[in-house]
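Remarks on the overall topology
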Amino acid sequence: MFNHKMSKTKLAVSLTSLLLGLGWASPGMSHVEVVEDASTASRTIPFSETSLLSEERGSLVAQSTPRIYQSVSSNEIDSILDRAELFYRRETNTLFIIRSGDLTYLLSLEVCSNQRPGTDCSVIDIAASFQFERAPNLGRINDWNRGRRAKAFILEDNRVLLERSIILLGGVTYSNIASNIGLFFLEAETFVEFSDWGN
């Protein structure tokens, strides 16, 4: 069963968090409130109150230090995917299936401790497989791979694997992991448009 808990408000917050994590928005930018019930009127916050809230938020941010992941466990991936509010299902201790839009992705934990699979893993791989009616053109695959973080590989039976690795060595934050997953989703959607062979 896929885990999913999301309201319209949470979706807006998740998208805002993703945009902040990607650097495409800043905390000081104005925002739009999502109202779940049309009869609910939103309250306008006066400028002085907004400034006070920003100052309080700044002090809260300054007091909390984001967690740095140098490795992850399958339980931590559960927490990361829950926090990002993604549809997913854990298949094994090192394998997760994620759904986003019309596509299904495979997230796997790699370079793990030998004692127990799914513990102390320093690489997160995320991939998507695409089936085409006819064989993909190698030149088009090479065009795609130039300057892209998600790399495409031709497989048997007219399939292409799109893959991206998130390397945790040296330490990364939750925002970095979530942003990399979100960027892969965007790259996969772009790849579908880019791959005009087959269909």
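The following paragraphs examine the structure supplied in this document.

**Let's talk about the pairing of strand E3 (residues 95–100)**
- Here strand E2 (residues 87–90) runs beside E3; their pairing, made up of four bridges, is antiparallel. Paired with tyrosine 88 across the bridge in E3 is isoleucine 98.
- The turn joining E2 and E3, which pair antiparallel and follow one another in sequence, is formed by four residues.
- Between the end of E3 and the start of strand E4 (residues 103–110), which pair antiparallel, lie two residues, with glycine 101 showing a positive phi angle near 65 degrees.

**Focus on the side chain of serine 113**
- When you line up the elements, serine 113 lands in the loop between E4 and strand E5 (123–131).
- You can call serine 113 buried: its relative accessible area is 17%.
- Setting aside anything within four residues of it in sequence, one finds serine 113 in contact with Thr119 and Asp120.

**Comments concerning helix H3 (residues 74–83)**
- Turning to H3, its buried residues are Ser74, Glu76, Ile77, Asp78, Ile80 and Leu81.
- Glutamate 85, located one to two residues past H3, shows a positive phi value of around 55 degrees.

**Examining the packing of aromatic side chains**
- In the structure shown here, the tally under the stated rule is seven aromatic pairs.
- Ring centres of phenylalanine 130 and phenylalanine 132 lie 6.5 Å apart, and the angle between their planes is 25 degrees; this geometry places the pair in the stacked category.
- With relative accessibility at 9%, the residue phenylalanine 130 sits in the buried group.
- Geometrically, the ring pair formed by tryptophan 144 and phenylalanine 191 is edge-to-face, given 5.1 Å between the ring centres and 80 degrees between the ring planes. Separated by 47 residues along the polypeptide, tryptophan 144 in helix H4 (residues 138–145) and phenylalanine 191 in helix H5 (residues 174–194) bring together distant segments of the chain.
- Among the residues examined, tryptophan 144 registers a relative accessible area of 0% and is labelled buried.
- Three or more aromatic residues link up through ring pairs in this structure, and these residues are Phe130, Phe132, Trp144, Phe191 and Phe194.
- Sitting over the face of the ring of phenylalanine 194, arginine 140 holds its NZ or CZ atom 3.9 Å from the ring centroid.

Calculation notes
- Residues numbered from 1 in each chain as written.
- Predicted model: local features only at pLDDT ≥ 70, side-chain atom pairs only at ≥ 80, totals over all residues.
- Heavy atoms only, no water.
- Pairing = 2+ DSSP bridges.
- Helix = DSSP H or I, 4+ residues; strand = E, 2+ residues; numbered from the N terminus.
- Buried < 20%, exposed > 50% of the residue type's maximum accessible area, 1.4 Å probe, protein only.
- Contact = heavy atoms within 4.5 Å.
- Phe/Tyr/Trp six-rings, centres within 6.5 Å; stacked < 30°, edge-to-face > 60°.
- Lys NZ or Arg CZ within 6 Å of the ring centre and 35° of its normal.

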